[in-house]
Amino acid sequence: MATQIRPNIHCSDAEWQARLELAACYRIFDLLGWSESVYNHISLRVPDQEGAFLINPFGLLYSEVTASNLVKIDIDGNKLDDNPHPVNLAGFTQHGYFHRHLDWAHAICHVHTTATMAVCSLEEGLMPINFYACNFMGRLAYHDFEGITVRAEEGERLLANLADKNILMLRNHGPVVMAKNLQAMFVQQWALQRACEIQMATLSMGRPPIMISQDVINVHQRDLNLANPPGGGPGVGDFNAWVRRIDQIDRSWRD
Ligand SMILES: [Zn+2]
């Protein structure tokens, strides 16, 4: 990212870089229509501080999130700095559980977009009926709805249902997408969102969709792995492109 004047916040260079990336991510989610009033979360592990995470200040819209107003918390959601904003502790419960138990899950998002929530509310879940859905066939985990996810005791079942996957479709609720960095998380959330939007549109036409065979899905997933993503890693080129886009609108996220 381009150099910028760093506001008066005491943190390491690595943490500041993480703050910039996460603030950008909130603005990108908002631009793409994935924000949910002041709710939902994208959380990111602080790279050089064990057990520390960054999360959105509760009460602010995603369009108001900046690098310096992100709240630093521990795994239980306790604030680690003197940030005046509160944290939506209830909402962090499930993120905290995944961060605690999955050492690769450095970046986690959970959304309530219409399309993903609609697909999570179908018995079939995501169906093999479009290009983007093929990315995810056999790679999604599902978890039955138990009410708002604020009880720690649900955590064991969340983890058991996730198994070896990195995306958990909370039925009747919405997806949780986890990855080792924000860029990889972002690009999967993007493709999942598109798959769900297109499924919703397809099913609304009142005609039977064309089901894609497992053989074709296998070929699709094999060749997807061969594709060279721009920017050197999954989602890097995509994320950087969207950072340029939000900079065109308003650079206040860098504050
Ligand atoms: Zn939710």
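These remarks concern the structure in this document. (Residues numbered from 1 in each chain as written. Predicted model: local features only at pLDDT ≥ 70, side-chain atom pairs only at ≥ 80, totals over all residues. Heavy atoms only, no water.)

### Let's talk about the packing of helix 6 (residues 182-203) against helix 8 (residues 236-249)
Just so we agree on the cut-off: Axes, fitted as lines to C-alpha atoms, cover a helix only where it is in contact. Angles between the N-to-C directions of the axes lie from 0 to 180 degrees. By definition, any uninterrupted DSSP run of H or I lasting at least four residues is a helix, any uninterrupted run of E lasting at least two residues is a strand, and each is numbered from the N terminus. For classification purposes, angles smaller than 35 degrees are called roughly parallel, those larger than 145 roughly antiparallel, those between 65 and 115 roughly perpendicular, and all remaining angles oblique. Whether two residues touch is decided by their heavy atoms; if any such pair falls within 4.5 Å, the residues are in contact. Classes in brief: Ala, Val, Leu, Ile, Met, Phe, Trp, Tyr, Cys and Pro nonpolar; Asp, Glu, Lys and Arg charged; the others, Gly included, polar.
Direction vectors running N to C along helix 6 and helix 8 enclose 85 degrees, while the axes themselves pass 8 Å from each other. Viewed along their axes, helix 6 and helix 8 adopt a mutual orientation that is roughly perpendicular. Taking contact as the criterion, the partners of Gln 183, Phe 186 and Val 187 in helix 6 are, on helix 8, Val 236, Asp 238, Phe 239 and Trp 242. Tallied by class, residues from the contact of helix 6 with helix 8 come to five nonpolar, one polar and one charged.

### Things to note about the pattern of salt bridges
Spelled out, the test is: Salt bridge, as used here, is a side-chain nitrogen of Lys or Arg placed within 4 Å of a carboxyl oxygen of Asp or Glu. Remark: exposure states derive from per-residue accessible area (1.4 Å probe, protein chains only) relative to the maximum for the residue type, with buried under 20%, exposed over 50%, and partly exposed in between.
In the structure shown here, the tally under the stated rule is twelve salt bridges. In this structure, Asp 223 and Arg 222 form a salt bridge, with 2.9 Å as the shortest nitrogen-oxygen distance. Exposure remark for Asp 223: the relative accessible area of 36% places this residue in the partly exposed category.

### Things to note about helix 5 (residues 155-162)
Rules: Relevant arc is that of directions from the helix axis to the C-beta atoms, nothing else.
Within helix 5, the full set of buried residues consists of Gly 155, Leu 158 and Leu 162. End-on view of helix 5: buried residues confined to an arc of 60 degrees, all on one side of the axis. Among the exposed residues of helix 5, those pointing more than 90 degrees away from its buried face are Glu 156 and Ala 160. Residues of helix 5 that are buried in the fold lie against helix 2 (89-101), strand 5 (141-143), strand 6 (167-170) and strand 7 (174-179).

### Concerning the pairing of strand 4 (residues 107-110)
Note the threshold: Any two strands with at least two DSSP-identified bridges between them are counted as paired.
The two faces of strand 4 match: Ala 107 and Cys 109 on one face and Ile 108 and His 110 on the other face are all buried. Relative to strand 7, strand 4 runs antiparallel, the two being bridged by four bridges. When the sheet's bridge partners are listed, His 110 is paired in strand 7 with Val 176.

### Focus: the coordination of the zinc ion
Condition: As a rule, N, O and S atoms within 2.8 Å of a metal are its donors, except that Na, K and Ca use 3.2 Å; water is not among the atoms, so sites may look incomplete.
Coordination of the zinc ion by the protein comes from His 110 (NE2), His 112 (NE2) and His 173 (NE2), over a distance range of 2.0 Å. Linear spacing of the donor residues for the zinc ion on their chain is H-x1-H-x60-H. Here His 110 falls in the buried class, since its relative accessible area comes to 7%.

### Quick word on the sheet that holds strand 6
Taken in spatial order, the seven strands make up an open sheet running 3-2-1-4-7-6-5, and their pairing is mixed. Across the chains shown, the open sheet's two edge strands, defined by having one partner strand only, are strand 3 (71-74) and strand 5. For this sheet, the mean inter-axis angle between neighbouring strands, taken without regard to orientation, is 20 degrees. Where strand 6 lies against strand 7, four bridges are found, and the strand directions are antiparallel. Looking at strand 7, one finds that Ile 167 is bridged to Val 177. Packed onto the sheet, helix 5 meets strand 5, strand 6 and strand 7 and runs at close to 150 degrees relative to strand 5.

### Things to note about the packing of aromatic side chains
To be explicit about the condition: Aromatic rings from Phe, Tyr and Trp, with only the six-membered ring used for Trp, were paired whenever their centres fell within 6.5 Å, and each pair was classed as stacked if the ring planes differed by under 30 degrees, edge-to-face if by over 60, and tilted otherwise.
Here the structure, examined in full by the defined rule, presents eight aromatic pairs. Seen in terms of ring centroids, Trp 34 and Phe 186 are 5.9 Å apart; in terms of plane orientation they differ by 35 degrees. Their pairing is tilted. Of the two residues, Trp 34 is situated in the loop between helix 1 (13-31) and strand 1 (41-45) and Phe 186 in helix 6; the sequence distance between them amounts to 152 residues. On the accessibility criterion, Phe 186 (1% relative accessible area) is buried. Between the aromatic rings of Phe 53 and Phe 92, the centroid separation amounts to 6.4 Å while the plane-to-plane angle is 55 degrees, which identifies the pairing as tilted. You can see Phe 53 sitting in strand 2 (residues 52-55) and its partner Phe 92 sitting in helix 2, a full 39 residues away along the chain. Taken as a pair, Phe 53 and Phe 92 share a single burial class, namely buried. Within the aromatic cluster, the residues linked to one another by ring pairs are Phe 29, Trp 34, Phe 186 and Phe 239.

### So, unusual backbone geometry
Its identity is not glycine, yet Ser 37 carries a phi of approximately 50 degrees, on the positive side. If you check the backbone angles, Asn 40 has positive phi at about 65 degrees while not being a glycine.

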